[in-house]
Amino acid sequence: MCDYSLHTVASRPARVGETLVSTGFYGTSTRGFAAKGEPNVAVCLLPGTELAFERDVRYNRNWLSTKSTGFSVARFCAIEPGASHQHHDALSFPDGKTVLVNLLSEGQHALVLQLPVIPREQSVDGNAEKTVILAVDPELTA
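Residues numbered from 1 in each chain as written. Predicted model: local features only at pLDDT ≥ 70, side-chain atom pairs only at ≥ 80, totals over all residues. Heavy atoms only, no water.

Peer 1: Looking at this structure, I do not really get the nonpolar core. What am I missing?
Peer 2: A general trend in soluble globular proteins is that nonpolar side chains are found buried together. Ranked by internal contacts, the top residues of the largest apolar core, which has 20 residues, are Leu20, Phe33, Leu45, Leu51, Phe53, Leu91 and Leu104. Mapped onto this core, the elements with two or more residues apiece are strand S3 (31-35), strand S5 (50-53), strand S8 (73-78) and strand S11 (109-114). When sequence neighbours within four positions are dropped, the list of residues in contact with Leu91 reads Phe33, Leu51, Phe53, Ala74, Arg75, Phe76, Cys77, Lys97, Thr98, Val99, Val101 and Leu104. Formed by 7 residues, the second largest nonpolar core is a distinct cluster that contains Phe25, Ala34, Ala42 and Cys44. (Core = buried A, V, L, I, M, F, W, Y, C linked by side-chain atoms within 4.5 Å. Buried < 20%, exposed > 50% of the residue type's maximum accessible area, 1.4 Å probe, protein only. Helix = DSSP H or I, 4+ residues; strand = E, 2+ residues; numbered from the N terminus. Contact = heavy atoms within 4.5 Å.)

Peer 1: Looking at this model, I keep getting lost on the pattern of salt bridges. Mind explaining?
Peer 2: It is possible for side chains of opposite charge to pair when their charged atoms get near one another. All chains considered together, the criterion is met by 5 salt bridges. Residue Glu38 pairs with Arg12 through a salt bridge whose shortest N-O separation is 2.8 Å. Of the two residues, Glu38 sits in strand S4 (residues 38-44) while Arg12 sits in strand S1 (residues 11-13), which places them 26 residues apart along the sequence. Its salt-bridge partner being Arg31, residue Glu106 comes within 3.4 Å of it at the nearest N-O pair. Of this pair, Glu106 sits in the loop between strand S10 (98-100) and S11 while Arg31 sits in strand S3, and the two are 75 residues apart along the sequence. The exposure class of Glu106 is partly exposed, given its relative accessible area of 47%. Taken together, the shared-partner salt bridges connect Arg12, Glu18 and Glu38 into one network. (Salt bridge = Lys/Arg side-chain N within 4 Å of Asp/Glu carboxyl O.)

This is the structure we're talking about:
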């Protein structure tokens, strides 16, 4: 999932084990994540994706000051996904607080630890059987 204002930016799904960088994308007013070697490609995260940052996550409170969350781990989530024309992408922290990805200070590095488990129905021998598939490979979720 990439925020609504990143639809004009090239994007791809996140992969387990890759390092992402919080960044602003040219031509938008939105911050998001890019892979270290692909600064102009937005890396989209699914809700439930777990990230480990190099340091405590920092975000912009206003034009002049930043604040630390006090945590270096977070889970990606979406805030009010049905509401249009507002930022939805956020990080949820162990204390229950959330911070919009758009407010993250630029240049922070995060390792993708784990992608969410996606329930999927699959037919085996003609019988419908529920299975759970790890979203490690984007082709598995297609």
